[in-house]
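Now for the letters of each chain:
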Amino acid sequence: MPSLSESEALKKRQQLVELGFCVFPGVLQGDLLTRWRAFTDGLFARKAVDPKYRYQGSDFHIGSERLKANSDAWQHSPCTEHSPLVDEIVDLPAAREACRAIGLEHQHADDITIILSKPPHAPPLYWHQDMMNWNHPESASPWPTRIFLSYYMTDTTRENGCLRAIPGSHLKRIPLHDLLPAAHGPEIQAITDYANHPAFMNHPDAVDLP
Ligand SMILES: O=C(O)CCC(=O)C(=O)O
């Protein structure tokens, strides 16, 4: 990853804080990307997707060796498998450097990867927020207290299902919030007519994050 100037880093930080996301090209590349592609291709070839996650994509939880070595944490984790590749991506120096450059402090990784893929023409992932602590005082902080790092095995576009987001909806309530079932719960998976549910509809403020 090319290093960021101070003003570029400040711009990325402002994007993360105000919009809820920022993009760093080229963090995962070379040999580690090649090994991750082979690993995920192998996973998709041998593991079946649970139909109860039909709106979620594959949703395979793979833990690090570090997590596996901590039997209490492992038992309470959603992971079904572990791999040293998870330790490598969690500890990736280029990602640490990107986080440092934008001033993130006191990071503590969950040591989990969620491997997501969806078949062509599948329903979109529903609008949701993964933060579970909205009623905790920490959520009043103007800075993010929880972030996720997403790495893509191929370049993503609207056509092949890039991430989409509603800028600023992590800070300000919008009418859609009141219409969404809890993220990852059974209610959302029980929706049958997904095309007519607001959780799956386009939103006028949504942007693509290819
Ligand atoms: O597609 C993505 O990157 C979003 C994944 C996500 O938020 C989730 O599965 O909870």
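I will try to describe carefully the structure that is included in this document.

About the thresholds
- Residues numbered from 1 in each chain as written.
- Predicted model: local features only at pLDDT ≥ 70, side-chain atom pairs only at ≥ 80, totals over all residues.
- Heavy atoms only, no water.
- Buried < 20%, exposed > 50% of the residue type's maximum accessible area, 1.4 Å probe, protein only.
- Helix = DSSP H or I, 4+ residues; strand = E, 2+ residues; numbered from the N terminus.
- Pairing = 2+ DSSP bridges.
- Contact = heavy atoms within 4.5 Å.
- Axes fitted to C-alpha atoms, helices over the stretch in contact; angles between N-to-C directions.
- Salt bridge = Lys/Arg side-chain N within 4 Å of Asp/Glu carboxyl O.

Every second residue of strand 1 (residues 60-63) is oriented toward a common face, with Phe-60 and Ile-62 on one face and His-61 and Gly-63 on the other, all of them buried. Pairing between strand 1 and strand 3 (residues 112-115): four bridges, direction antiparallel. Within the sheet, the bridge partner assigned to His-61 lies in strand 3 and is Ile-114. As judged from the two bridges shared by strand 1 and strand 2 (residues 81-82), these two strands associate in the parallel manner. Each bridged residue has a counterpart across the sheet, and for Gly-63 the counterpart in strand 2 is His-82.

For the rest of this paragraph, the subject is the sheet that holds strand 3. One open sheet holds the three strands; their spatial order is 2-1-3, and the pairing between them is mixed. With one partner strand each, in any of the chains shown, strand 2 and strand 3 form the two edges of the open sheet. Across the face of the sheet, helix 2 (residues 30-46) comes into contact with strand 1, strand 2 and strand 3 while running at roughly 60 degrees to strand 3.

Another point: the pattern of salt bridges. Overall, the coordinates contain twelve salt bridges when judged by the stated rule. In this structure, Arg-35 and Glu-88 form a salt bridge, with 2.8 Å as the shortest nitrogen-oxygen distance. You can see Arg-35 sitting in helix 2 and its partner Glu-88 sitting in helix 5 (residues 84-90), a full 53 residues away along the chain. Overlapping salt bridges, with partners in common, bring together Arg-66, Asp-91, Arg-96 and Asp-111 in one network.

Note that every value here comes from positions in space, so none of it alone points to a role or purpose.
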